[in-house]
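Below are the chains, spelled out letter by letter.
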Amino acid sequence: MDLVAPVVVEPLRRRRCSECRRGPLERMIVEYARPVCLDCADLGHLVFLRRGDTALTRRAREHSALWAVVVRHNRRRTRYERQGLLVEEAALAQAEAACLADAEARARRRARDAERRAARDAGITEALRAEILRLFPAMPPERAAEIAGHASAKGSGRVGRTAAGRALDRGAVTAAVRASVRHLDTPYDSLLMSGLPRHRARTAVAPAIETVLRSWRPPRTGARGHADAPGVTGTTGAEGTPGRADR
């Protein structure tokens, strides 16, 4: 049988219980669109356990015959976010004792997990660095390492942590390099600080970005496998004469 836990809300505004008129309420449930205090909702005997300790939360919930989820509305993200649980006091004490008994073993397990994650993250960063240098072989190696480290930082949500970035997609890797050039090799940040809208600032620095990327890319080769001279298309005319210089 699936359990459906009561949901308790931490109100952002001052609220009074619709039944006993007590208030303002620190926590409440909503019944028929009306606020009800925890005592009237028969939840007043439960104690609050703030989120953060996964093992303690799990064990307290397992030992508690009655428990409730506590949420609060985040206006900026326009969603309700979990704050913790309400559990029976005896269940919380039992869970705390169990956590103390195996705290050392759990600490060792967390350390091992952290080492594995660090090794995996280092592998992601190194693979991204190698791919950056493959696409842009003239880039200084320390710059490639800096871009790879920034783009693959854990929890950043940047290109290196996306599925495309982990797969070393050419477009995703180039996007990471382009972002670095935009901020470090062009006046993009100064344009933003001057009040220029972002899309106009990006348009203004686009040629400078392409110049830097072109200088880092491998030289193009002509039909005979020779590198093109700067400004020469590498094509030949009908009589085999060199192509015109790009204007």
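See the structure shown above.
A few points on the structure. The structure displayed is predicted, hence computed values, not measured ones.

Structural notes on the pattern of salt bridges
Part 1 of the reasoning: Under the criterion given, the structure shown has 14 salt bridges.
Part 2 of the reasoning: The salt bridge involving Asp113 is made with Arg116; its shortest N-O contact spans 2.1 Å. With Asp113 and Arg116 both in helix α3 (residues 103-135) and three residues apart, the pair spans about one turn of that helix.
Part 3 of the reasoning: With a relative accessible area of 26%, Asp113 lands in the partly exposed category.
Part 4 of the reasoning: A network of salt bridges, in which partner residues are shared, links Glu10, Glu26, Arg27 and Arg72.

Comments concerning unusual backbone geometry
Part 1 of the reasoning: Residue Pro24 is bonded to the preceding Gly23 through a cis peptide linkage, with omega at -5°.
Part 2 of the reasoning: In this fold, Pro24 is placed in the loop between β1 (7-9) and β2 (28-31).
Part 3 of the reasoning: Its identity is not glycine, yet Thr78 carries a phi of approximately 50°, on the positive side.
Part 4 of the reasoning: Mapped onto the elements of the fold, Thr78 is located in the loop between β5 (68-74) and β6 (79-87).
Part 5 of the reasoning: The exposure class of Thr78 is exposed, given its relative accessible area of 61%.

Details of the nonpolar core
Part 1 of the reasoning: Core analysis: the biggest nonpolar cluster contains 21 residues, and Ile132, Phe136, Met139, Val177, Val181, Leu213 and Trp216 have the highest contact counts within it.
Part 2 of the reasoning: Among the elements of the structure, α3, α4 (141-151), α6 (170-184) and α8 (198-216) are those that each provide at least two residues to this core.
Part 3 of the reasoning: For this core, the leading source of residues is α8, giving six residues.

Considerations on the packing of aromatic side chains
Part 1 of the reasoning: Per the counting criterion, the structure on display carries zero aromatic pairs.
Part 2 of the reasoning: Looking at Arg61, its charged tip hangs above the ring of Trp67, at a distance of 5.7 Å from the centre.

Quick look at the side chain of Arg59
Part 1 of the reasoning: Counting through the fold element by element, Arg59 comes out in helix α1 (residues 54-63).
Part 2 of the reasoning: For Arg59, a relative accessible area of 14% gives the class buried.
Part 3 of the reasoning: Of note is the side chain of Arg59, whose polar atom sits 2.5 Å from the side chain of Asp102.

Considering a positive patch on the surface
Part 1 of the reasoning: Taken together, the side chains of Arg170, Arg214, Arg217 and Arg220 make up a positively charged region of the molecular surface.
Part 2 of the reasoning: Along the chain, Arg217 turns up in the segment after α8.
Part 3 of the reasoning: By relative accessible area, Arg217 is classed as partly exposed at 31%.

Digging into the packing of α3 against α6
Part 1 of the reasoning: Between α3 and α6, the shortest axis-to-axis distance is 10 Å and the interhelical angle comes to 85°. Viewed along their axes, α3 and α6 adopt a mutual orientation that is roughly perpendicular. Here α3 contributes Leu128, Glu131, Ile132, Arg134 and Leu135 to the contact with α6, which in turn contributes Arg170, Val173, Thr174 and Val177.
Part 2 of the reasoning: Class assignment for the residues of the contact of α3 with α6 results in five nonpolar, one polar and three charged.

Cut-offs applied
Residues numbered from 1 in each chain as written. Predicted model: local features only at pLDDT ≥ 70, side-chain atom pairs only at ≥ 80, totals over all residues. Heavy atoms only, no water. Salt bridge = Lys/Arg side-chain N within 4 Å of Asp/Glu carboxyl O. Helix = DSSP H or I, 4+ residues; strand = E, 2+ residues; numbered from the N terminus. Buried < 20%, exposed > 50% of the residue type's maximum accessible area, 1.4 Å probe, protein only. Core = buried A, V, L, I, M, F, W, Y, C linked by side-chain atoms within 4.5 Å. Phe/Tyr/Trp six-rings, centres within 6.5 Å; stacked < 30°, edge-to-face > 60°. Lys NZ or Arg CZ within 6 Å of the ring centre and 35° of its normal. Polar contact = N/O pair within 3.5 Å; in protein donor to acceptor, adjacent residues only side chain to side chain. Patch = residues over 30% accessible without salt bridge, like charges linked within 9 Å, V, L, I, M, F, W, Y side chains within 5 Å. Areas by Shrake-Rupley, 256 points an atom, 1.4 Å probe, with all protein chains shown as cover. Lys, Arg positive; Asp, Glu negative; His and termini not counted. Charge placed at Lys NZ, Arg CZ, Asp CG, Glu CD. Axes fitted to C-alpha atoms, helices over the stretch in contact; angles between N-to-C directions. Parallel < 35°, antiparallel > 145°, perpendicular 65-115°, else oblique. Contact = heavy atoms within 4.5 Å. Nonpolar A, V, L, I, M, F, W, Y, C, P; charged D, E, K, R; others polar.

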